[in-house]
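In case you want the letters, here they are:
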Amino acid sequence: MTYKIIGDSCLDLTEELKKDPKFQMVPLTLQVGDAQVVDDETFDQKAFIRMVKECPECPKTACPSPEIFKQAYEAADAEAVFVITLSSHLSGSYNSAVIGKELYEEEHGADHKNILVIDSESASAGELNLALGICEMYEEGLDFQAISEKIMKKRDDENIYFVLDTLDF
């Protein structure tokens, strides 16, 4: 079984994993005042932090559209596609990914590719932990259904904690 892992840009991939063709990112959009910044490979974190500090308004995010997720599914050259999103409690990314899957299946049929959309119920490292778990299960030779069941259990059994440096926003 060939597989692809698609994550929104909160999936905290290392530089090495970003080069791995089995991973694909779908960027969030960040808004600071009137400026919009796409969270992709061109993202400049230092410039973004400076913009945030200089702007009197709180920054906002926008999730990828369902159409962008649909295009990612179409571009995925794999039999199985695992989509890992930022928690649905924090973003609309999960809902967009689900609607994108529905759009894909309307056009291509539900039997064309196996697609599992996972609400990480986390962010960043939590998303990465699920992605690495999928890779390990694939290496063990598990099929799509077994990986789907095990990864959802892994998600449900994990607790992710965050530490903030500042409470400015």
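Details of the structure are given in the entry above.
Attention here is on the structure that accompanies the text.

The rules behind these values
Residues numbered from 1 in each chain as written. Predicted model: local features only at pLDDT ≥ 70, side-chain atom pairs only at ≥ 80, totals over all residues. Heavy atoms only, no water. Pairing = 2+ DSSP bridges. Helix = DSSP H or I, 4+ residues; strand = E, 2+ residues; numbered from the N terminus. Axes fitted to C-alpha atoms, helices over the stretch in contact; angles between N-to-C directions. Expected span 1.5 Å × (residues − 1). Buried < 20%, exposed > 50% of the residue type's maximum accessible area, 1.4 Å probe, protein only. Arc of directions from axis to C-beta. Left-handed = near helix turned anticlockwise from the far one by under 90°. Contact = heavy atoms within 4.5 Å. Nonpolar A, V, L, I, M, F, W, Y, C, P; charged D, E, K, R; others polar. Core = buried A, V, L, I, M, F, W, Y, C linked by side-chain atoms within 4.5 Å.

### Remarks on the sheet that holds strand β5 (residues 60–62)
Strand order in the open sheet formed by three strands is β4-β3-β5, and the pairing between neighbours is antiparallel. The strands lining the two open edges of the sheet, one partner per strand, are β4 (35–38) and β5. Averaged over all adjacent pairs, the angle separating strand axes in this sheet is 25°, with direction ignored.

### Quick word on helix α6 (residues 144–157)
With 14 residues, α6 should reach 20 Å at 1.5 Å per residue; the first-to-last C-alpha distance of 20 Å fits that figure. Here α6 has its buried residues at Phe 144, Ile 147, Ser 148, Ile 151 and Arg 155. The buried residues of α6 occupy one face: seen down the axis, they fall within an arc of 100°. Of the exposed residues in α6, the ones pointing more than 90 degrees away from its buried face are Lys 153 and Asp 157.

### Here we look at the packing of helix α5 (residues 125–139) against α6
One way to put it is that α5 packs onto α6 with a least axis distance of 10 Å and a crossing angle of 145°. Both α5 and α6 take part in a crossing whose hand is right-handed. In contact with Asn 129, Leu 130, Gly 133, Ile 134, Met 137 and Tyr 138 of α5, α6 contributes Ile 147, Lys 150, Ile 151, Lys 154 and Arg 155. Its residues assigned to classes, the contact of α5 with α6 shows six nonpolar, two polar and three charged.

### Description of the nonpolar core
Core analysis: the largest hydrophobic core is formed by 20 residues, its most contacted members being Ile 5, Phe 82 and Ile 134. For this core, the elements supplying multiple residues, two or more each, are β1 (3–8), β6 (80–85), β7 (114–119), α5 and α6. Top contributing element to this core by residue count: α5, with six residues. Apart from residues no more than four positions distant in its own chain, Phe 82 is found in contact with Tyr 3, Lys 4, Ile 5, Ile 6, Leu 116, Ile 134, Phe 144, Ile 147 and Ser 148. With 12 residues, the next largest nonpolar core counts Val 26, Phe 69, Tyr 104 and Ile 115 among its residues.

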